[in-house]
Amino acid sequence: MTGHDVAVVTGAARGIGLAAAHRLGPSTRRLLVTDVDGGALADAARGLRQAGFDVHEMAVDLADAVDVERLAAAAYDLGSWSVLAHCAGLAPFMTDDGDRLLAVNLLATASLLDAFEKRLTGGEVAVCVASISAYRTLPAEVDAILVDPLAVDFLPRLGTVVDYAGRPRLSYALSKRGVQLLCRQRARRWGRAGARICSVSPGGAETRMAARSPLKGDDTAVGRRATPEEIASVIGFLTGPDAAYVTGSDVLVDGGAMAQYLHHADPEKRDRWRNAVDEERRPAAPDTVEQP
Ligand SMILES: NC(=O)c1ccc[n+]([C@@H]2O[C@H](COP(=O)([O-])OP(=O)(O)OC[C@H]3O[C@@H](n4cnc5c(N)ncnc54)[C@H](O)[C@@H]3O)[C@@H](O)[C@H]2O)c1
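Residue positions are counted from 1 within each chain, in the order its sequence is given. Residues qualify for local features only when their pLDDT is at least 70, as the model is predicted, and side-chain atom pairs are given and counted only at 80 or more; totals for whole chains, interfaces and linings, by contrast, use all residues. In computing side-chain values, all of the structure's heavy atoms are included and hydrogens and water are not.

**Notes on the state of the cysteines**
- Two cysteine sulfurs form a disulfide in these notes if their separation is within 2.5 Å. This model, assessed by the stated rule, comprises zero disulfides.
- Of all cysteine sulfurs in the structure, the one in cysteine 128 sits closest to cysteine 183, which takes part in no disulfide; the separation is 3.7 Å.
- With no disulfide of its own, cysteine 198 lies 7.5 Å from the sulfur of cysteine 183, the closest cysteine sulfur.

Shown next, in the form of structure tokens:
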């Protein structure tokens, strides 16, 4: 067993986060699992305890900076935190509200990394889950804005460069591109503190999030979508000693979907995938949040 002391897993109620918690459990003294969905989190924690792990659970909304700070303090109280596997996120079909997608997927990631970064003592690893969507073509100017998502004028500035309102898949791509950039940009600071930080970009994985994803098994080279465990195994690798020289990078785990889109798909499909900005605007829906 390689020794993680405390591993924090967000989005652990289900899907990739739950698989990551199971993956990290055997090499971790204590797991701190968290999700906004307290009921599903309690079920997930029960299953993890049945698997023999020492599990602490905490329901938090990561879009709330106070909750994020509470979570980081709780991790610190449990021991010396070693791993942060940040898997929580919203899919574009769950909301039409681009600002909300950016808040949950990107701004929350920045607050979370800030809260854990100030508690670094050396030896920690953070892995944030981004997405293949981050590789879609976006205007070059957005990167300089996306690296600072907690700036007071972040959303208005982003809105002047790219009109994401009513285009949830575009907002999602922006949010996940931002997650990749945050990890890359922080790598030097984390390295100086003896810590590593990376992102993982799944293509399609069989979770409730994939239910309405346009990425089907046929779009991959492997011929199917991933299991959540196949994404979790890459998170396990990145957090372990075999990945000691991996930091600041993104690992695309897509079963060859991007290779297929760029080299083998018909031009119309390739352009539809690649061109995030030309996505058709969805008619405004009054505050509806579709449940998967
Ligand atoms: N499944 C895929 O095909 C796929 C593809 C690319 C990227 N991803 C990314 O992988 C990650 C995990 O997705 P998944 O497929 O397991 O989805 P999922 O919906 O099964 O799990 C996501 C979890 O995040 C939690 N969550 C959402 N908002 C939250 C908030 N504000 N605070 C705390 N928790 C919150 C949800 O309650 C849920 O339990 C996400 O970041 C997603 O964007 C998934």
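**A closer look at the packing of helix 1 (residues 15-24) against helix 2 (residues 38-50)**
- The N-to-C vectors of helix 1 and helix 2 enclose an angle of 20°; their axes lie 10 Å apart at closest approach. The angle between the axes of helix 1 and helix 2 places the two elements in the roughly parallel class. Once helix 1 is placed against helix 2, the crossing between them reads as right-handed. Two secondary-structure elements touch here, helix 1 through Leu18, Ala21 and His22 and helix 2 through Ala44, Gly47 and Leu48.
- Under the grouping applied here, Gly and all other residues not named as nonpolar or charged are polar, the nonpolar ones being Ala, Val, Leu, Ile, Met, Phe, Trp, Tyr, Cys and Pro and the charged ones Asp, Glu, Lys and Arg. For the contact of helix 1 with helix 2, the class distribution of residues is four nonpolar, two polar and no charged. What counts as an axis is a line fitted to C-alpha atoms, over the stretch in contact for a helix, and the angles between N-to-C directions run from 0 to 180 degrees. Strands here are runs of E lasting at least two residues and helices are runs of H or I lasting at least four, both read from the DSSP assignment and numbered beginning at the N terminus. Working definition: roughly parallel below 35 degrees, roughly antiparallel above 145 degrees, roughly perpendicular at 65 to 115 degrees, and oblique for all remaining angles. With the far helix as reference, a near helix turned anticlockwise by less than a right angle produces a left-handed crossing, and one turned clockwise produces a right-handed crossing. The contact definition used throughout considers only heavy atoms, calling two residues in contact when any of these lie within 4.5 Å.

**Brief notes about the packing of helix 1 against helix 8 (residues 228-239)**
- One can describe the packing of helix 1 onto helix 8 by two numbers: an axis separation of 8 Å at closest approach and a directional angle of 50°. With respect to each other, helix 1 and helix 8 are oriented oblique. Classified by chirality, the crossing of helix 8 by helix 1 is right-handed. The residues of helix 8 that touch helix 1, namely those facing Gly15, Ile16, Ala19, Ala20, Arg23 and Leu24, are Pro228, Glu229, Ile231, Ala232, Ser233, Ile235, Gly236 and Thr239.
- Residue composition of the contact of helix 1 with helix 8, grouped by class: eight nonpolar, four polar and two charged.

**Considerations on the environment of aspartate 148**
- Following the sequence through the fold, aspartate 148 ends up in the loop between helix 5 (142-146) and helix 6 (154-161).
- Under the scheme applied here, a residue whose accessible area is under 20% of the maximum for its type counts as buried, over 50% as exposed, and between as partly exposed, the area being computed with a 1.4 Å probe on protein chains only. Overall, the relative accessible area of 41% leaves aspartate 148 in the partly exposed class.
- Sequence-wise, aspartate 148 and leucine 181 are 33 residues apart; in three dimensions their C-alpha atoms are separated by 9.5 Å.

**Thoughts on the sheet that holds strand 2 (residues 28-35)**
- Note on pairing: two strands pair once DSSP finds at least 2 bridges between them. Read across the sheet, seven strands follow the order 3-2-1-4-5-6-7 without closing on themselves; strand pairing throughout is parallel. Looking at strand neighbours, the two that pair on one side only are strand 3 (55-59) and strand 7 (250-253), the edges of this open sheet. Pairwise comparison of adjacent strand axes, ignoring direction, gives a mean angle of 20° for this sheet.
- Pairing analysis gives five bridges linking strand 1 (residues 4-10) to strand 4 (residues 81-86), with the strands arranged parallel. Residue pairing for strand 4: threonine 10 is matched across the bridge by histidine 86.
- Its contacts with the sheet put helix 1 on strand 1, strand 2, strand 4 and strand 6 (196-202), and the angle it makes with strand 1 is roughly 170°.
- Contacts between helix 8 and the sheet are confined to strand 1, strand 4, strand 5 (125-129), strand 6 and strand 7, with strand 6 contributing the most and set at about 165° to the helix.

**Some thoughts on the pattern of salt bridges**
- Within this document, salt bridges are pairs made up of a side-chain nitrogen of Lys or Arg and a carboxyl oxygen of Asp or Glu, the two lying within 4 Å of each other. For the structure on display, the rule yields 19 salt bridges.
- In this structure, arginine 29 and aspartate 5 form a salt bridge, with 2.5 Å as the shortest nitrogen-oxygen distance. Of the two residues, arginine 29 is situated in strand 2 and aspartate 5 in strand 1; the sequence distance between them amounts to 24 residues.
- A relative accessible area of 40% places arginine 29 in the partly exposed class.
- What makes aspartate 5 buried here is its relative accessible area of 16%.

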